[in-house]
Amino acid sequence: MIPFSILDLSPVGEGYSVRDALDQSRRMAIKAEEQGYKRVWLAEHHGMPGIASAATSIVIAHVGAATNKIRVGSGGVMLPNHSPLVIAEQFGTLEALLPGRVDLGLGRAPGTDMRTASALRRNMDAGAENFPQDIVELKHLLGTPIENQAIIAVPGTEANVPIWLLGSSLYSAHLAAALGLPYAFASHFAPDMLLDAIAIYRERFQPSAELEKPYVMVGVMGVAADTDEEAERLFTSSQQQFVNLRKNVRTRFPRPLDSMDGFWTPMEKMSVEHTLRYAAVGSVPNIEAKLKDFLAETGADELIVSMPIHDIDARLHSVELFASLPMMEKA
């Protein structure tokens, strides 16, 4: 048994508004808490009409205020977009509002296209190059100040918000191991380096004040329904979204289709199915079999599930069905 968590992108579905999407994120967090999930994480993306979590810390506060005990946090904040001081202040504030419940997952990618990244007013090349130093600076700002420390985050200082490193490459595995941080791999959309990254992280892990031994979280796309056919139909929303991303077509999160035939080309189908090959889609028996194999292969300490489902009631039902799996350790 291992903990299950949820990664929420606050999808803005076709026919819905941003306000609807944020309300749906609140409802999903409440349901996740009721069902015993360990955490709900929100992800920073910019310039995407189908995602409402750009102001990530605000959305974390929104779902945190609606819940009582489930951990909430970022999966992740894209640190090169921000100064460490700003993030320390934001997450120090969150920790003050939601004591003992906040996680700070950090990523290195911009979470958007390069024009939008430039509009965020950061030197993206320098930001990526300074990523390790920015993490260390952020840890200091969230920790106990040293004597005569010139810059202090208020709120933030002594908040000691747990920092996670997120990644989809071997670089992130090396860095998480060197810094002794818990590591979350984005296998829900970047499966190719998963096993190599986990092996590197575990082999090279250096114990830290925050963590004595490696801790690995792995991600899957997940769509559970009462029948395999219904789950596969619901999953077409995500498949359409990935085709659109490859074409740089920016739309709201699509309604499901009865069939993807005619929507994607054979090459697009092959590419998307490869990208989403770890997705757990189907009725409970099929999802259980898929996850058993996946967790045995990775030896993960925790599973985080992204549930890209257009209809909120179907999404909440999927949350319930995943929670019914006997391998889930309830919080």
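Preceding this paragraph is the structure being described.
Rules and cut-offs
Residues numbered from 1 in each chain as written. Predicted model: local features only at pLDDT ≥ 70, side-chain atom pairs only at ≥ 80, totals over all residues. Heavy atoms only, no water. Helix = DSSP H or I, 4+ residues; strand = E, 2+ residues; numbered from the N terminus. Rg over C-alpha atoms; globule rule 2.2 N^0.38 Å. Buried < 20%, exposed > 50% of the residue type's maximum accessible area, 1.4 Å probe, protein only. Contact = heavy atoms within 4.5 Å. Areas by Shrake-Rupley, 256 points an atom, 1.4 Å probe, with all protein chains shown as cover. Lys, Arg positive; Asp, Glu negative; His and termini not counted. Charge placed at Lys NZ, Arg CZ, Asp CG, Glu CD. Pairing = 2+ DSSP bridges. Right-handed = clockwise from strand over helix to strand, strands pointing away. Axes fitted to C-alpha atoms, helices over the stretch in contact; angles between N-to-C directions. Left-handed = near helix turned anticlockwise from the far one by under 90°. Nonpolar A, V, L, I, M, F, W, Y, C, P; charged D, E, K, R; others polar. Expected span 1.5 Å × (residues − 1). Arc of directions from axis to C-beta.

### Observations concerning the overall build of the chain
For the chain, the helix and strand inventory stands at 12 helices and 10 strands. Taken over the C-alpha trace, the chain has a radius of gyration of 19 Å; the compact-globule value for 331 residues is 20 Å, and the two agree within 12%. Burial analysis of the chain (331 residues in total) assigns 54% to the buried set. Partitioning the intrachain contacts of the chain with sequence separation of at least 6 by distance along the chain shows that 74% fall at a separation of at least 24. Here the chain displays about 14,500 Å² of accessible surface, and carbon together with sulfur accounts for 54% of that area. With 29 positive and 40 negative side-chain charges, the chain shows a spacing of 2 Å between the two charge centroids.

### Observations concerning the pairing of strand S2 (residues 39–42)
Residues Arg39 and Trp41 of S2 are buried on one face, and the alternating residues Val40 and Leu42, pointing to the opposite face, are buried as well. Looking at chain direction, strand S1 (residues 2–8) and S2 are connected through 3 bridges and run parallel. Paired with Ile6 across the strands is Val40, a residue of S2. Where the polypeptide runs from S1 across helix H1 (residues 18–35) and back to S2, its parallel neighbour, the crossover connection is right-handed. Pairing of S2 with strand S3 (residues 71–78), which is carried by 4 bridges, proceeds in the parallel orientation. By the bridge assignment, Arg39 is partnered in S3 with Arg71. A crossover links S2 with its parallel partner S3, the connecting element being helix H2 (residues 56–65), and its sense is right-handed.

### Overview of the pairing of strand S5 (residues 163–167)
Burial within S5 is extensive, with 5 of its 5 residues counted as buried. As judged from the 3 bridges shared by strand S4 (residues 102–107) and S5, these two strands associate in the parallel manner. Its bridge partner being in S5, Leu106 is matched across the sheet by Leu165. As paired elements, S5 and strand S6 (residues 183–185) share 3 bridges and run parallel to each other. Bridge pairing in S6 places Gly167 opposite Phe185. Since S5 and S6 lie parallel, the crossover through helix H7 (residues 170–179) that links them has a hand, and here it is right-handed.

### Regarding the environment of Ser118
By the element assignment, Ser118 lies in helix H4 (residues 114–119). Overall, the relative accessible area of 48% leaves Ser118 in the partly exposed class. Residues Ser118 and Asn81, 37 residues apart in the sequence, show an inter-C-alpha distance of 9.1 Å.

### A short note on the packing of helix H6 (residues 131–142) against H7
Running from N to C, H6 and H7 cross one another at 35 degrees; their axes reach a closest spacing of 12 Å. Of the two possible hands of crossing, H6 and H7 adopt the one that is right-handed. Listed contacts from H7 to Phe131, Pro132, Ile135, Val136 and Lys139 of H6 are Tyr171, Leu175 and Leu179. Residues of the contact of H6 with H7, tallied by class, amount to 7 nonpolar, no polar and 1 charged.

### Side note on helix H3 (residues 84–97)
Here H3 spans 20 Å end to end across 14 residues, near enough to the 20 Å set by a 1.5 Å rise per residue. Looking at H3, one finds that the buried residues are Pro84, Ile87, Ala88, Phe91, Gly92, Leu94 and Glu95. Seen along its axis, H3 keeps its buried residues to an arc of 160 degrees; they face one direction. Among the exposed residues of H3, those pointing more than 90 degrees away from its buried face are Ala96 and Leu97.

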